Amino acid sequence: MAKRDDPETIGRRVQQLRHERGLTQRQLAEPAYTPAYISTLEAGRVRPSDDALRHLADRLGVAFDELATGRPARLATDLRLQLTEAQRTLATGEAEEAREQYAALLAQAETHGLVEEQATALLGLGECALDTGDLTAARQHFERAERTLDDAPLPARVPALRGRAVAHYLAGELRYAVYLLESTLDELNRGGLHDPDALLLLYAAAIGPYMDMGAHARAAQAAEFALALAPQAGDPALVARMHRQVARTLVAEGRLAEADASLAKAAEMYRQLQIRTELANCHWMRGYVYAQNGDLERAETELRAAQDMLSAKRAALYSSQVAVELADVLHRRGKSEEAAALLNDVLGDLSSERGAVHAAAAHRLLGRIAEDARDTESAEEHYVRALSLLERAGAAGDLADLCRLLGDLLRRTGRVEAALDAYRTGLGHRTAPGTTTLGPAPAQPPL
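Please read all numbers here as calculations on a predicted model, not as lab measurements. (Residues numbered from 1 in each chain as written. Predicted model: local features only at pLDDT ≥ 70, side-chain atom pairs only at ≥ 80, totals over all residues. Heavy atoms only, no water.)

Q: Explain the overall build of the protein residue by residue, including any values.
A: Secondary structure assignment for the protein yields 23 helices and 0 strands. Considering only C-alpha atoms, the protein reaches an extent of 100 × 45 × 40 Å along its principal axes. Here the protein holds 447 residues, and 51% of them are scored as buried. For the protein, the proportion of contacts with a sequence separation of at least 24, taken over those separated by at least 6, is 62%. Taken as two groups, the 52 positive and 65 negative side-chain charges of the protein have centres that lie 2 Å from each other. (Helix = DSSP H or I, 4+ residues; strand = E, 2+ residues; numbered from the N terminus. Buried < 20%, exposed > 50% of the residue type's maximum accessible area, 1.4 Å probe, protein only. Contact = heavy atoms within 4.5 Å. Lys, Arg positive; Asp, Glu negative; His and termini not counted. Charge placed at Lys NZ, Arg CZ, Asp CG, Glu CD.)

Q: Could you give an account of unusual backbone geometry, naming the residues involved and the relevant values?
A: For the peptide bond that leads from glutamate 30 to proline 31, omega is 5°, which places it in the cis range. Counting through the fold element by element, proline 31 comes out in the loop between helix 2 (25-29) and helix 3 (35-42). With a phi angle near 60°, arginine 374 is a residue other than glycine that sits in the positive phi range. Within the secondary structure, arginine 374 sits in the loop between helix 20 (356-372) and helix 21 (376-393). The exposure class assigned to arginine 374 is exposed, which follows from its relative accessible area of 73%.

Q: Mind laying out the side chain of arginine 18, listing which residues take part and the relevant values?
A: Relative to the helices and strands, arginine 18 resides in helix 1 (residues 7-20). At a separation of 3.0 Å, a polar atom in the side chain of arginine 18 contacts the main-chain carbonyl oxygen of leucine 23. Excluding anything up to four places from it in sequence, arginine 18 contacts Leu23, Thr24, Gln25, Leu28, Glu42 and Leu60. (Polar contact = N/O pair within 3.5 Å; in protein donor to acceptor, adjacent residues only side chain to side chain.)

Q: Any details on the pattern of salt bridges? Residues and values, ideally.
A: Going through the model one piece at a time under the given rule, you end up with 37 salt bridges. A salt bridge links glutamate 20 to arginine 21; its shortest N-O distance comes to 3.5 Å. Residue classification places arginine 21 among the partly exposed positions, given a relative accessible area of 36%. Arginine 411 is the salt-bridge partner of aspartate 408, the closest N and O atoms lying 3.7 Å from each other. Here arginine 411 and aspartate 408 lie together in helix 22 (residues 396-412), a separation of 3 residues that amounts to about one turn. The exposure class assigned to aspartate 408 is buried, which follows from its relative accessible area of 17%. Accessibility expressed as a relative area gives 47% for arginine 411, which makes it partly exposed. Through salt bridges with shared partners, one network takes in Glu300, Arg304, Arg333, Lys335 and Glu338. (Salt bridge = Lys/Arg side-chain N within 4 Å of Asp/Glu carboxyl O.)

Q: Break down the UniProt feature "domain: HTH cro/C1-type" (unreviewed entry) in the protein for me, citing the residues and quoting the values.
A: If you check UniProt for "domain: HTH cro/C1-type" (unreviewed entry), the listed places come out as residues 14-67 in our numbering. The distance separating the terminal C-alpha atoms of residues 14-67 is 7 Å; by composition the span is 65% helix and 0% strand. (UniProt positions renumbered as here; feature names shortened; annotations may be inferred.)

Q: Describe the nonpolar core, listing the residues and the values that go with them.
A: Grouped together as the largest cluster of nonpolar side chains are 137 residues, with contacts concentrated most on Tyr102, Leu130, Leu200, Tyr203, Met242 and Leu343. Sort the elements by how many residues they give to this core and helix 12 (residues 196-213) lands first, with 13 residues. Setting aside anything within four residues of it in sequence, one finds leucine 343 in contact with Val324, Ala327, Ala362, Leu365, Leu366 and Ile369. Counting 15 residues, the second largest nonpolar core, distinct from the first, contains Ile38, Leu53, Phe64 and Ala68. (Core = buried A, V, L, I, M, F, W, Y, C linked by side-chain atoms within 4.5 Å.)

Q: Tell me about the packing of aromatic side chains, and please be specific about residues and values.
A: In the structure shown here, the tally under the stated rule is 3 aromatic pairs. Between tyrosine 33 and tyrosine 37, the ring centres sit 5.1 Å apart and the planes meet at 20°, which makes this aromatic pair stacked. Exposure remark for tyrosine 33: the relative accessible area of 24% places this residue in the partly exposed category. Aromatic pair tyrosine 203 and phenylalanine 225: ring centres 5.2 Å apart, planes at 55°, arrangement tilted. One end of the pair, tyrosine 203, is in helix 12; the other, phenylalanine 225, is in helix 13 (residues 216-229), with 22 residues separating them in the sequence. The two residues tyrosine 203 and phenylalanine 225 agree in class, both being buried. Above the face of the phenylalanine 64 ring, arginine 54 is positioned so that its terminal group lies 4.9 Å from the ring centre. (Phe/Tyr/Trp six-rings, centres within 6.5 Å; stacked < 30°, edge-to-face > 60°. Lys NZ or Arg CZ within 6 Å of the ring centre and 35° of its normal.)

Q: Explain the UniProt feature "coiled-coil region" (unreviewed entry) in the protein to me, and be specific about the residues and the numbers.
A: Look at the UniProt record and you will see "coiled-coil region" (unreviewed entry) annotated at residues 256-316. Annotated as residues 256-316, this span is 87% helix and 0% strand, and its ends, taken at the C-alpha atoms, are 29 Å apart.

Q: So, the domain arrangement of the protein: which residues are in play, and what are the values?
A: What the domain assignment lists for the protein is domain 1 (7-70) and domain 2 (346-432). Taking only C-alpha atoms, the centre of domain 1 and the centre of domain 2 are 74 Å apart. (Domains from an automatic or database assignment.)

Q: Could you give me a rundown of the confidence of the model for the protein, with the residues and numbers involved?
A: Across the protein, the average pLDDT comes to 88, with 96% of residues at 70 or higher. Predicted confidence is poor over residues 431-437, with pLDDT under 50, and the contacts of this stretch with residues over four places away or in other chains come to 8 contacts. (pLDDT = per-residue confidence, 0-100.)

Q: Just give me the short version of the side chain of glutamate 371, but keep the residues and values in it.
A: Structurally, the position occupied by glutamate 371 is in helix 20. Since its relative accessible area comes to 18%, glutamate 371 is described here as buried. Look past the residues within four positions of glutamate 371 in its chain and what remains in contact with it is Ala379, Tyr383, Leu405, Leu409 and Arg412.

Q: Tell me about the environment of threonine 425, and name the residues and values.
A: Mapped onto the fold, threonine 425 is located in helix 23 (residues 416-430). For the pair formed by threonine 425 and leucine 317, sequence separation is 108 residues and the distance between their alpha carbons is 30 Å.

Q: Mind laying out helix 11 (residues 174-190), listing which residues take part and the relevant values?
A: When the terminal C-alpha atoms of helix 11 are compared, their 24 Å separation across 17 residues agrees well with the 24 Å that a helix rising 1.5 Å per residue should span. Within helix 11, burial applies to Leu174, Ala177, Val178, Leu180, Leu181, Glu182, Thr184, Leu185, Leu188 and Asn189. Taken together, the buried residues of helix 11 touch helix 10 (154-170), helix 12, helix 13, helix 20 and helix 21. Phi for glycine 192, located one or two positions after helix 11, is positive at around 70°. (Expected span 1.5 Å × (residues − 1).)

What follows is the structure in structure tokens.
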């Protein structure tokens, strides 16, 4: 419930409503109160009890909350309906239009002190910023949502925490993203706060950074927990997102048919829910699965479909990330010039603070293309840039292979000592596959 206004504000409101309805103080007061009490109340010299406010609200023909807070009747209900409409707008990929809707609704919720509606609008603004690739704004919106819900139970704050973790992950801050997700999981599980939706949201979000960090065992365990929680979850969109993330661990384990089946489930759910951006992400992941299976023609078809959908909706960061994976498929199909042009076109949208892992992948692929063209100087420059990006992000999953490529290039150009250094760096990331310096795993849910 919104906080009640001060006595002076309530007094002025009572007086204004009484005048609008043509009532005298006696008519408003009777039979439970005196005209003198109404006079004192309208002057702001007395704090009315709940019983008094209910009597006055009934005589004035308004809701109790409207009299106590100034909040119009049904405002909260109407705002929630409009927030759902904004969510629908975002689901169709119209992030800019959704952002305007959420901003207007946030202003209304703030004016009337509606905390839950404020938090929902801020979460929506954060998701809009993720879609458009404005990661700084996304973090700020999610942080504000957390602060707004500071007094709420932890499960209610999980969507904001997850959003903040995703923003850090996309910015290349993998270790901090994992810290946010794992510490929240630990607090939920140790505290007995076993909310299926909250846990599923966190486990699904952890899979991506785990995989990029080379923590494959933890990614597989997170996928296992997510699948076990899915039947208890109440949000079908959340379950669909989970299937999309789980597919990545299945690919890593060589279970390509299962990964494709998981993505087919997710895609069908997104079609039914009409969530266009996530459907594009399903095309993206299916393209990745086909590429891993060597079916490059189908991979190219799926990735082009994903890029067209994302570009049409101005999802700049995601579109650039898909372009990198599409370029890899084009290169493997012998279309290296087209691949290089595509990579050079999107590198301006990627950096160490924005899509760092895919920026590194773009430089790595440009290095391989340069090597094929016998341009060793450019190849080395791209490999070194990729190495710097991966080391900064802590993306150990790809570092070893990149160090091998760089070492081979240095060895072929006669720089044996430098090549050995590159190999040693790569071996350091190969010594314990699937492990990281993340520390103990979080407490497990009681499945």
